[in-house]
Amino acid sequence: MGAMSGQQTAEAIGSGSERDELVREAVARARRSPFYTRHLAGHEVRGRADLAQVPLTFKDHLRDATPYGMLIVPPHEAWHYHETSGTTGEPISTWCGLSEVQRMGALVHEMVPELSTPTVLLNRFPLFAPVSFVFEEALRSAGACHIAAGNLSWDVPFSRVLDFIKRLKVTALSSLPLEPILLRELARVDGFDMRRDLGSLQVIFAGGALLPPALRRVIEADWGARVVEIYGSNETLLMGVGCTAGRLHLAQELLEFEILDPRTHQAVAPGEAGILTVTSLVHDVFPLVRYFTGDLVRVSTEPCVCRRSGWTAECLGRIDDVIEQGGASISGYDLLDAAYDFAAQLDTRVFFIVVQQRALRLLIEVANPDRARASVAERQLRARVPMPIEIEYLGENDVLDRSALFRGPKIYKPSQISDWRRQERKTITIMEALLEWPRFDARTVFHLLRRQVRNGLRRRRFLREER
């Protein structure tokens, strides 16, 4: 099957012949879908060695087959239905079965020892993201408590998350990698002591976005909790879990992996970056055969100190997101790693990067801009980024408006009756009864307007200099 697959994966599930049988059965199962009935016609798969001759499956195939073309069971027999966000095109339907999600939950439970201790997990992934149900099953397996508090829920704004952690002694948090950074900033504004008030956290599950080593380090330093990387997608569900040594282990119990060159689609040599391509082994509702994920990864077959067998990987981001300028290139993973190292040396976490035609711009909040300029940290950053990078040192709230973290609306129960005799709020619509948006004093309005003007002028300057 190529340089990065074959016998190396045998130890993940049984012997080589057993894994060949799993692959053969998985492909046969996929042929029951309308799409793969056509797509795999004329291609015989007796084991892993035959996969390289099978046509790849691309995201456009899934989009064209939406909603039912990839299903191998009647829709009502699927356990959950989801859709991708649609940020890069029309949403793609994805379906999952209960048994496969239970397997994934069991794998998370097995790999995260903190779940074997009394656990209360605050889950910030929205319920429309399948990973939420992987956590649900992991907690069910562990006999632990699940607080479903997705970040799209107006009932649980950022400030309430901190309150939950403090009052309920939450031991585990699952979220996008950036959320612990935002929560830390909000905690500082709110006067929380990270150790005294929020020190119950033992583990933070981070997934859904890039998690370079420097970001992992600052989260662990800020929260005093271990960071566990969770890797997957709506289409594939769980693809990897971080171990106690901080390395991401691909879930070879669930999927057969290939690492392919993004242009030739041939297997790359061990250690080279390539596109993660997966074939389902346990998915019994929405199976995939040689699905070209578009994720750029570096895979290692070297043994991990955690003593778990199989491949480990670094997820470098989408292949389309690699930045190329003047003959040089850098992945989002490596750029963020350099930027977080730079920010940590300046004792800040808040920055934003703008990619332009001829250079990068890094806008970063620092307490003392004059001291930061021409620092050793700045020289180290420029040495790590292989293209021009302009750095602008800004004051607090110029990159992250912390007041926005407080400005979630107050939520009421839906109502079609408003009794003006007993209610202060004189509502006349359902939405008015449901939501109460915060009111700002004159000072806050002034600061918001001034910030908007500064940002508008900065944006115009960027555009002018781009010409």
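Residues numbered from 1 in each chain as written. Predicted model: local features only at pLDDT ≥ 70, side-chain atom pairs only at ≥ 80, totals over all residues. Heavy atoms only, no water.

Draft legend 1. Here's a closer look at the pattern of salt bridges. For the structure on display, the rule yields 38 salt bridges. A salt bridge links Arg373 to Asp370; the shortest N-O distance between them is 2.8 Å. Judged by relative accessible area, Arg373 falls into the partly exposed class, the value being 42%. Residue classification places Asp370 among the exposed positions, given a relative accessible area of 62%. Salt-bridge contacts for Arg382 lead to Glu378; the nearest nitrogen and oxygen are separated by 3.2 Å. Note that Arg382 and Glu378 are positioned in helix α11 (residues 376–384) at a spacing of four residues, about one turn of the helix. The exposure class of Arg382 is partly exposed, given its relative accessible area of 36%. When salt bridges that share partners are traced, they join Arg184, Glu185, Arg188, Asp222, Arg349, Glu365, Glu396 and Arg402 into one network. (Salt bridge = Lys/Arg side-chain N within 4 Å of Asp/Glu carboxyl O. Buried < 20%, exposed > 50% of the residue type's maximum accessible area, 1.4 Å probe, protein only. Helix = DSSP H or I, 4+ residues; strand = E, 2+ residues; numbered from the N terminus.)

Draft legend 2. Layout of the packing of helix α9 (residues 332–345) against α11. Put simply, α9 and α11 touch, their axes get as near as 9 Å, and they point 175° apart. Considered as vectors, α9 and α11 are oriented roughly antiparallel to each other. Facing Asp334, Asp337, Ala338, Ala339, Asp341, Phe342 and Gln345 of α9, the residues of α11 in contact are Ala377, Glu378, Gln380, Leu381 and Arg384. The residue makeup of the contact of α9 with α11, split by class, is five nonpolar, two polar and five charged. (Axes fitted to C-alpha atoms, helices over the stretch in contact; angles between N-to-C directions. Parallel < 35°, antiparallel > 145°, perpendicular 65-115°, else oblique. Contact = heavy atoms within 4.5 Å. Nonpolar A, V, L, I, M, F, W, Y, C, P; charged D, E, K, R; others polar.)

Draft legend 3. Local environment of the nonpolar core. Among the nonpolar cores identified, the biggest contains 68 residues, and Val108, Phe205, Val241 and Leu276 are the most heavily contacted of them. If we ignore the near neighbours within four places in the chain, the residues touching Phe205 are Val108, Val112, Leu115, Leu121, Phe135, Ala172, Leu173, Ser174, Ser175, Val228 and Ile230. Core analysis: the next-biggest nonpolar cluster, separate from the first, contains 53 residues, Val161, Phe192, Ile389 and Leu405 among them. (Core = buried A, V, L, I, M, F, W, Y, C linked by side-chain atoms within 4.5 Å.)

Draft legend 4. Main features of the pairing of strand β8 (residues 237–242). With six of six residues buried, β8 lies mostly within the body of the structure. Where strand β7 (residues 226–233) lies against β8, four bridges are found, and the strand directions are antiparallel. Opposite Tyr231, over in β8, you have Gly240 as the bridge partner. Relative to strand β9 (residues 248–250), β8 is paired through three bridges, and the arrangement is antiparallel. Among the inter-strand pairings, Gly242 is bridged to a residue of β9, identified as Leu248. Taking the residues between adjacent antiparallel strands as the criterion, β8 and β9 are bridged by five residues, where Gly246 takes a positive phi near 85°. (Pairing = 2+ DSSP bridges.)

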